[in-house]
Amino acid sequence: MVDHALSRTAAAEPATGLWPWLVAHRAVLGDIGFVLVLSVAHGFDLSIGEHPPWMDWWWPLLVSVPATAMLVLRRRMPWTVLLVMLVVTVALTLLELYIGGLNLAILIAIYSVCVRGSLTVSVVAASLAMIFPVAQMIVYELTPVESFLRITGGVVNLVMVVGWARAMQVGRRRAAQLEQTLTMLDEARDQLAADAAAVERARIAREFHDIVSHNLSVVALRAGVARALIDRDQEHARQTLQELEQSSRGALGEMRNLLNALRDRNAAGQDPMDWQPTPGLDGVDALVHSVRGGQVEWRFERRGQIRELGSGVEVTAYRIVQEAMTNVLKHAGSGRARVLLDYGASALRIEVTNHLGAGEVPPVSHFSGHGLIGLRERVALLGGTLTAHPILNGFHLEAVLPCAENSDLA
């Protein structure tokens, strides 16, 4: 995306040098070149052709050359150029003077009008241009056959020019639409990239939230147990501190892997998130064991046909249990808690329920901040449901995640 932005910036910068200038002004330079060639050819024809004895051969050049030079302005003032061409050509024809290449200049002027106007404008311009062959019929007293051929030739030329102009108009319109479509596609691609980055940042933020919240809660729990036992049971306190050290090292390892993923996601063509196993339901046992020993009595149950589910369901289920346990540790000083994994035929049901100890006041909500929102997003992505609500002297969370019926049995 950065390379694309740089290329667009470079393309927007004006190029310098002779060749870029020639390319930018090629249309005007082409018109000037055409006018010069037509004027030289016109002058050469007049010098060697017949002309009235009462007029020098070069006199028509004083009118026809300036009229031809008007073609340089055909892109800015097409109607003015066409009318000047018609007036000069008809005037020279009435005076029975040589018109040279002015008939070709008239066709170019008609094209300039038609390529910028509607079909009605094209018909009006072509009808006005027929004044020239009609004037020739009158001045030179052509026979009926010659008049028919002259009119037919003029109509054919005008139809070709008008058709060419209309085709160019359609082509330019399609090119503009294509350019607009490409621009919209570029914007959509950039927006998709930005959305993907935002989704990835949200996912990593949820990972950080889950890891840090859970492990800090475990650290706080273990530290409180060690402090309470340091005087009465030093051996138990030492074991608790060792578990605290292990939990801290594990949390640091997970955070280090996530930070590596942020720093270089494409190093050696491999996602750094693949460097560690993805957490799944097989890690729930260790998760529950890590919080045992505190004032909350934990119980973990599995029901149904235990099997390996898809990685998406496994990770989401693990994070749900981790987040729910973290909130129990935060808000429940003592009491009982149960984690249940019910493997159904087509869905996995997760329940985390806790009951407070005697004398404790239940909090307004176990979930604060973005915890419950993050869980709902994870569950919604899999097409599941999540409910979380207080119960009598406690809190209950239940999530149902769809899973395949033909999952491998454990």
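As a starting point, this report considers the structure included with it. Computed from a predicted model, the values in this text were never measured in an experiment.

Our next topic: the nonpolar core. Membership of the largest hydrophobic core comes to 32 residues, with the highest contact counts inside it found for Trp-298 and Ile-350. Those elements giving two or more residues to this core turn out to be α11 (284-290), β1 (296-304), α12 (311-331), β3 (335-343), β4 (347-356), α13 (371-381) and β6 (394-402). No other element matches the nine residues that α12 contributes to this core. Here Ile-350 is in contact with Ala-317, Ile-320, Val-321, Leu-340, Leu-341, Leu-397, Glu-398, Ala-399 and Leu-401, once residues within four sequence places are set aside.

Judged by pairing direction, the sheet is mixed, and its five strands sit side by side in the order β1-β3-β4-β6-β5 without closing on themselves. The open sheet has two edge strands, β1 and β5 (385-391), and neither has a second partner. In this sheet, adjacent strand axes meet at a mean angle of 10° when their direction is disregarded. Strand direction decides the pairing type here: β3 and β4, joined by nine bridges, are antiparallel. Bridge assignment links Leu-341 to a residue of β4, and that residue is Ile-350.

This next bit is on the packing of aromatic side chains. Scanning the model with the defined rule gives one aromatic pair in all. On the basis of an interplanar angle of 35° and a centroid distance of 4.9 Å, the ring pair of Tyr-111 and Trp-164 is categorised as tilted. Taken as a pair, Tyr-111 in helix α6 (residues 102-114) and Trp-164 in helix α9 (residues 144-229) lie far apart in primary sequence, 53 residues in all. Given the relative accessible area of 13%, Tyr-111 is considered buried. Classification of Trp-164 as exposed rests on a relative accessible area of 53%.

This part takes up the pairing of β3. Look at any regular strand and the pattern is simple: side chains alternate between the two faces of the sheet. With seven of nine residues buried, β3 is to be regarded as a mostly interior element. Where β1 and β3 come together, nine bridges link them in parallel fashion. Within β3, the position partnered with Arg-303 by the bridge is Asp-342.

Interaxial distance between α6 and helix α7 (residues 119-129) falls to 9 Å at its minimum, and their mutual angle equals 165°. By the criterion of interaxial angle, the relationship of α6 to α7 is roughly antiparallel. Considering the relative orientation of α6 and α7, their crossing is right-handed. Where α6 abuts α7, its residues Ile-106, Ile-110, Val-113 and Cys-114 lie against Val-121, Ser-122, Ala-125 and Ala-129. For the contact of α6 with α7, the residue count by class is seven nonpolar, one polar and no charged.

Moving on, we come to the environment of Ile-151. Within the secondary structure, Ile-151 sits in helix α9. On the basis of relative accessibility, which here comes to 25%, the residue Ile-151 falls in the partly exposed class. Note: C-alpha distance between Ile-151 and Gln-136 (15 residues apart in sequence) is 9.9 Å. Those residues in contact with Ile-151, other than ones at most four positions away along the chain, are Met-130, Pro-133, Val-134 and Met-137.

Here we come to unusual backbone geometry. In most cases, non-glycine residues show a negative phi, while peptide bonds are predominantly trans. In this structure, Asn-393 is a non-glycine residue whose phi angle is positive, near 60°. Positionally, Asn-393 belongs in the loop between β5 and β6.

The next thing to look at is helix α8 (residues 131-140). Residues of α8 that are buried include every one of Phe-132, Pro-133, Ala-135, Gln-136 and Val-139, and no others. Down the axis of α8, the buried set is contained in an arc of 155°. They therefore lie on one face. Following α8 by one or two positions, Glu-141 adopts a phi angle in the positive range, close to 50°.

This brings us to the environment of His-289. Mapping His-289 onto the fold places it in helix α11. His-289 sits in the partly exposed class, given a relative accessible area of 48%. Spatially, the C-alpha atom of His-289 lies 9.6 Å from that of Arg-299, the residues being ten residues apart in sequence.

Taken together, the side chains of Leu-18, Trp-21, Val-28, Leu-29, Ile-32 and Leu-36 present a nonpolar region at the surface, about 560 Å² in accessible area. At the level of secondary structure, the elements contributing two or more residues to the nonpolar patch comprise α2 (18-24) and α3 (26-48). Tallying contributions element by element places α3 first for the nonpolar patch, with four residues. Relative to the helices and strands, Leu-18 is located in helix α2. Judged by relative accessible area, which is 61%, Leu-18 ranks as exposed.

Parameters and conventions
Residues numbered from 1 in each chain as written. Predicted model: local features only at pLDDT ≥ 70, side-chain atom pairs only at ≥ 80, totals over all residues. Heavy atoms only, no water. Core = buried A, V, L, I, M, F, W, Y, C linked by side-chain atoms within 4.5 Å. Buried < 20%, exposed > 50% of the residue type's maximum accessible area, 1.4 Å probe, protein only. Helix = DSSP H or I, 4+ residues; strand = E, 2+ residues; numbered from the N terminus. Contact = heavy atoms within 4.5 Å. Pairing = 2+ DSSP bridges. Axes fitted to C-alpha atoms, helices over the stretch in contact; angles between N-to-C directions. Phe/Tyr/Trp six-rings, centres within 6.5 Å; stacked < 30°, edge-to-face > 60°. Parallel < 35°, antiparallel > 145°, perpendicular 65-115°, else oblique. Left-handed = near helix turned anticlockwise from the far one by under 90°. Nonpolar A, V, L, I, M, F, W, Y, C, P; charged D, E, K, R; others polar. Arc of directions from axis to C-beta. Patch = residues over 30% accessible without salt bridge, like charges linked within 9 Å, V, L, I, M, F, W, Y side chains within 5 Å. Areas by Shrake-Rupley, 256 points an atom, 1.4 Å probe, with all protein chains shown as cover. Salt bridge = Lys/Arg side-chain N within 4 Å of Asp/Glu carboxyl O.

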